[in-house]
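Here is how the chains run, residue by residue.
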Amino acid sequence: MSRARPNILITGTPGTGKTTTSEMVAQELGFTHINVGDWVREKALHSGWNQEFECFNLDEDKVCDALEDPLAEGGNVVDYHGCDFFPERWFDLVIVLQTNNTQLFDRLQKRGYSAKKVSENVECEIMMVVMEEAAESYRSEIVKPLPSDTTDDLERNVATIAGWVRGMMGAAR
Ligand code: DAT
């Protein structure tokens, strides 16, 4: 590892708990949480609103340019529902959060998503789209799926991820 502190990517279908988990992991480790979706909106790293998919059209080059310096430093928890356009070298650990259909459906409905957007995302989770994307984009040794159905899962995942990261930092010394 060329960085003093690793970078972690926490990915998964919207609603699986990326932001909640990332915040807690960052807090636990003293890392920086980067919510890519927020950056896209706040820093206009997009090419306009996509009416059909009800989201911004991501400008992947702009996103990667914005992330390059902080990621070179290390010590980041990056949170995004896609993962195939980031340079592979950025991440030392890639977590894929997974949630069962009923829980995910409820969470997305509570978020106020349209019926279409809820079902598209639940389908995406059933088809394991993000898991496959991660498996195709990163070395299998660093890609770790974790269940994120309950608050017990959440707490266990934070402890597990923090343990893995501490292990990496210990091994790098
Ligand atoms: P994401 O960032 O993947 O879209 P989130 O962190 O915003 O997801 O979480 C969506 C909602 O679900 C939010 O109200 C918190 C809740 N949640 C997240 N992870 C959970 C878990 N493991 N158990 C129960 N609720 C969870």
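Residues numbered from 1 in each chain as written. Predicted model: local features only at pLDDT ≥ 70, side-chain atom pairs only at ≥ 80, totals over all residues. Heavy atoms only, no water.

As annotated in an unreviewed UniProt entry, the chain carries the name Adenylate kinase isoenzyme 6 homolog and comes from Tetrabaena socialis. We quote the UniProt Sequence similarities (unreviewed entry) comment for the chain here in full: "Belongs to the adenylate kinase family. AK6 subfamily." Entered under Subunit (unreviewed entry) in the UniProt record, the comment concerning the chain runs "Interacts with small ribosomal subunit protein uS11. Not a structural component of 43S pre-ribosomes, but transiently interacts with them by binding to uS11." (UniProt positions renumbered as here; feature names shortened; annotations may be inferred.)

Draft legend 1. Representation of the nonpolar core within the structure. One finds Val36, Leu67, Phe86, Phe91 and Tyr138 to be the most contacted residues of the largest nonpolar core, which totals 26 residues. At the level of secondary structure, the elements contributing two or more residues to this core comprise α2 (36–42), α3 (60–73), β6 (93–98) and α6 (129–137). Ranked by residue count, the leading element in this core is α3, at four residues. Once residues lying within four places of it in the same chain are set aside, the contact partners of leucine 67 are Ile34, Val36, Trp39, Phe86 and Trp90. Counting residues in hydrophobic clusters, the runner-up holds 16 residues, among them Ile8, Leu93, Ile95 and Met169. (Core = buried A, V, L, I, M, F, W, Y, C linked by side-chain atoms within 4.5 Å. Buried < 20%, exposed > 50% of the residue type's maximum accessible area, 1.4 Å probe, protein only. Helix = DSSP H or I, 4+ residues; strand = E, 2+ residues; numbered from the N terminus. Contact = heavy atoms within 4.5 Å.)

Draft legend 2. Broad picture of the sheet that holds strand β2 (residues 32–35). Ordered by their spatial adjacency, five strands build an open sheet running β2-β5-β1-β6-β7, and the pairing between neighbours is parallel. Looking at which strands have only one partner, the edges of the open sheet turn out to be β2 and β7 (143–147). On average, adjacent strands in this sheet sit at an angle of 20° to one another, irrespective of strand direction. Inspection of the sheet shows β6 paired to β7 by five bridges, in the parallel sense. Looking at the pairing, valine 94 lines up with valine 143 of β7. On the sheet, α6 packs against β1 (7–11), β6 and β7 and is oriented at approximately 165° with respect to β6. (Pairing = 2+ DSSP bridges. Axes fitted to C-alpha atoms, helices over the stretch in contact; angles between N-to-C directions.)

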